[in-house]
Amino acid sequence: MKAMEMINNIFRVLRMKIREDTSRQCSKNVAMSAVVCFAAGIMLIMNIMRHSDMMTVTSVILVGGFAVTGVIAGVFRNARVSSVMMALILTGVFTVFPISGGNEGFAVLWLLLVPLFSISLFGTSIGIGMNIYFTVLILALFYTPLSHHIQDLYTENFLHRFPVLFIADSILAQFVSLTSEYYYKTTRMQAYTDDMTGAYNRKYFMELLNDKDTPGEDLCISVIDVNGLKETNDDQGHAAGDELICTVPMLVKKAFGEDVVIARMGGDEFAVLTHSTREDTEDRLARMKEYADGHKGEMINSVSLSVGTAYVADNGGAAPEELYRTADKLMYQDKAAYYRAHDRRRKQQ
């Protein structure tokens with residue numbers, strides 16, 4: 001049972017969508033472009049000397065293609081385009097290598113390199129996809145009737161040993177890469193997660209606001225603050241106050257879904273970022289308040305929340321940071337209204 005829980009946790013972490021460090025990815029792409037250009041350049045010279053036309057063409061594609069991807073990553077700082085181009089070039093060229101034959105050494109070198117860097121370079125999904133594709137390709141070429149087309153291209157020793165070597169290398173490389181990815185994501189999540197509530201922290205949210213992919217016509221930001229926290233701390237102790245704060249992310253996720261972006265901005269204040277219609281957002285916020293009113297915890301019997309929501313459509317296409325400040329002001333207006341009503345009820349009593 002514990003083993004299954006551990007496996008489920010590992011896959012949960014690997015599936016996590018975290019903000020990628022664009023600078024880190026660009027640096028990796030530039031380094032990989034330089035390595036491939038250097039190695040392919042040596043291979044190009046050797047293939048020209050050997051008069052191997054097919055291998056010469058693929059070498060030229062590798063040198064030229066990776067020179068371009070290096071410029072895209074290093075000069076234009078576009079990691080996504082650079083990574084996609086690299087994946088397409090490598091998939092195309094490495095498909096040609098085992099089919100064309102001619103040089104067993106180069107075929108072994110390049111195909112064994114695929115599993116080693118595909119996951120760490122392109123991410124889990126693309127990397128595993130490339131590994132599966134090349135594993136199926138090798139199995140089809142060497143262990144199906146298609147093998148008749150390559151029997152004259154390679155020695156018998158190569159035909160027997162290379163598929164086994166490639167699959168063993170692929171399994172080992174994927175294990176190492178996935179382990180590295182797991183610890184990388186774990187470290188990143190720790191840096192961007194609030195320890196007490198499990199929500200994202202202020203650092204993550206502010207970086208997200210500055211991300212060029214965040215703006216959109218349907219962007220909306222909600223700021224949520226707990227009402228009556230001081231009274232709870234004074235009357236029931238800080239443990240009850242902590243429980244009150246920790247309840248907020250749970251209520252938000254219950255209303256918006258587990259993948260919602262919610263961050264603890266400090267104290268008992270949280271921010272929620274969504275891309276949705278006004279009707280959908282208001283419906284979910286209303287549902288969240290219903291869940292809050294009916295919440296029964298270990299030490300608290302209900303939760304009262306003040307909310308301010310700003311929609312980009314209502315703010316003239318305001319930048320995300322400005323939208324957050326607007327939502328924050330609206331939250332304080334809602335909180336002021338709550339305490340005015342709260343004071344009136346207390347006076348009436």
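Structure's up top.
These figures come from a predicted structure and were not determined experimentally.

Definitions and cut-offs
- Residues numbered from 1 in each chain as written.
- Predicted model: local features only at pLDDT ≥ 70, side-chain atom pairs only at ≥ 80, totals over all residues.
- Heavy atoms only, no water.
- Core = buried A, V, L, I, M, F, W, Y, C linked by side-chain atoms within 4.5 Å.
- Buried < 20%, exposed > 50% of the residue type's maximum accessible area, 1.4 Å probe, protein only.
- Helix = DSSP H or I, 4+ residues; strand = E, 2+ residues; numbered from the N terminus.
- Salt bridge = Lys/Arg side-chain N within 4 Å of Asp/Glu carboxyl O.
- Patch = residues over 30% accessible without salt bridge, like charges linked within 9 Å, V, L, I, M, F, W, Y side chains within 5 Å.
- Areas by Shrake-Rupley, 256 points an atom, 1.4 Å probe, with all protein chains shown as cover.
- Axes fitted to C-alpha atoms, helices over the stretch in contact; angles between N-to-C directions.
- Parallel < 35°, antiparallel > 145°, perpendicular 65-115°, else oblique.
- Left-handed = near helix turned anticlockwise from the far one by under 90°.
- Contact = heavy atoms within 4.5 Å.
- Nonpolar A, V, L, I, M, F, W, Y, C, P; charged D, E, K, R; others polar.
- Pairing = 2+ DSSP bridges.

### Brief notes about the nonpolar core
Leu 62, Phe 66, Leu 90, Phe 94 and Phe 142 are the most contacted members of the largest nonpolar core, which has 31 residues in total. For this core, the secondary-structure elements that each account for two or more residues are α2 (22–50), α3 (53–74), α4 (79–100), α5 (104–122), α6 (124–143) and α7 (156–192). With seven residues, α4 is the largest single contributor of residues to this core. In terms of nonpolar packing, the next biggest core, distinct from the first, is built from 23 residues, Val 226, Ala 240, Leu 251 and Ile 262 among them.

### Considerations on the pattern of salt bridges
Per the counting criterion, the structure on display carries 10 salt bridges. Note that Asp 234 is salt-bridged to Lys 230, the shortest N-O span being 2.9 Å. With Asp 234 and Lys 230 both in helix α9 (residues 229–236) and four residues apart, the pair spans about one turn of that helix. Looking at Lys 230, the relative accessible area reads 61%, which means it is exposed. Bridged by salt links that share partners, the residues Arg 278, Glu 282 and Asp 314 form one connected network.

### Focus: a nonpolar patch on the surface
Judged by side-chain polarity, Met 4, Ile 7 and Phe 11 come together as a nonpolar surface patch covering roughly 290 Å² of accessible area. Here Met 4 lies in helix α1 (residues 2–15).

### Overview of the packing of α2 against α4
Between α2 and α4, whose axes approach to 10 Å, the crossing angle comes to 30°. Compared by their axis directions, α2 and α4 come out roughly parallel. The two elements α2 and α4 cross, and the hand of that crossing is left-handed. For the pair α2 and α4, contact is made by Thr 22, Gln 25, Cys 26, Asn 29, Met 32, Ser 33 and Met 43 and by Ala 79, Ser 82, Ser 83, Met 86 and Phe 97, respectively. Considering only residue class, the contact of α2 with α4 consists of six nonpolar, six polar and no charged.

### Some thoughts on the sheet that holds strand β1 (residues 200–201)
Read from one edge to the other, the open sheet built from five strands follows the order β1-β3-β4-β2-β5, with strand pairing classed as mixed. Of all strands in the sheet, those with a lone pairing partner are β1 and β5 (305–311), marking the two edges. Bridging between β1 and strand β3 (residues 261–266) involves two bridges; their strand directions are parallel. Residue Asn 201 lies in a different strand from β3, and its bridge partner there is Arg 264.

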